[in-house]
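As a plain string of letters, each chain reads:
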Amino acid sequence: MPKSQVRKKKVYTPPTDVRPTAAMAEKRPSPVWLPVTAVVLIVLGIAWLVVYYLSQGEYPVMSWQYWNIAVGFGAMVVALGLLSKWR
């Protein structure tokens, strides 16, 4: 059986425009309050919705009616926005 040829490959060098820049190295980790605040907002949003549904709309704020749902989901959406900034 004949021996196959060995190909000589060039050493890979990444393009210069894709290399990490100094700005990427300057980014620091997120502060501790960011994930804590996000988790608190998620828990508060869920608790707000649970209280609203279990009280059949009387609590947390009776005059807001269905806006209570928007407040609960809004807190959770804000938490997701905070978590998108977490490094």
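Residues numbered from 1 in each chain as written. Predicted model: local features only at pLDDT ≥ 70, side-chain atom pairs only at ≥ 80, totals over all residues. Heavy atoms only, no water.

Draft legend 1. Broad picture of the packing of aromatic side chains. Tallied over the entire structure, the rule returns 2 aromatic pairs. Their ring planes at 25° and their centres at 6.1 Å tell us that Trp48 and Trp64 sit as a pair that is stacked. Of the two residues, Trp48 sits in helix H2 (residues 33–54) while Trp64 sits in the loop between H2 and helix H3 (67–83), which places them 16 residues apart along the sequence. Here Trp64 falls in the partly exposed class, since its relative accessible area comes to 36%. When the ring of Tyr52 is compared with that of Tyr53, the centres are 5.5 Å apart and the planes differ by 70°; the resulting orientation is edge-to-face. (Phe/Tyr/Trp six-rings, centres within 6.5 Å; stacked < 30°, edge-to-face > 60°. Helix = DSSP H or I, 4+ residues; strand = E, 2+ residues; numbered from the N terminus. Buried < 20%, exposed > 50% of the residue type's maximum accessible area, 1.4 Å probe, protein only.)

Draft legend 2. How the structure looks around the environment of Tyr53. Within the element layout of this structure, Tyr53 appears in helix H2. Classification of Tyr53 as exposed rests on a relative accessible area of 54%. Each C-alpha atom, one on Tyr53 and one on Pro31, is 35 Å from the other, the two residues being 22 residues apart in sequence.

Draft legend 3. Geometry of H3. With 17 residues, H3 should reach 24 Å at 1.5 Å per residue; the first-to-last C-alpha distance of 24 Å fits that figure. By the burial criterion, the buried members of H3 are Asn68, Gly72, Ala75, Met76, Ala79 and Leu82. All buried residues of H3 lie within an arc of 120° about the axis, which places them on one face of the element. Projecting away from the buried face of H3 at angles above 90 degrees are the exposed residues Trp67, Val77 and Leu80. Tucked inside the fold, the buried residues of H3 contact H2. (Expected span 1.5 Å × (residues − 1). Arc of directions from axis to C-beta. Contact = heavy atoms within 4.5 Å.)

Draft legend 4. Summary view of H2. The terminal C-alpha atoms of H2, which comprises 22 residues, lie 31 Å apart, in line with the 32 Å expected from a rise of 1.5 Å per residue. Turning to H2, its buried residues are Leu34, Pro35, Ala38, Gly45, Leu49 and Tyr52. Buried residues of H2 fall within an arc of 130° about the axis and therefore sit on the same side. In H2, the exposed positions angled more than 90 degrees off the buried face are occupied by Trp33, Val43, Leu44 and Leu54. Elements that come into contact with the buried residues of H2 comprise H3. Taken from the residues just after H2, Gln56 is the one with a positive phi, measuring 55°.

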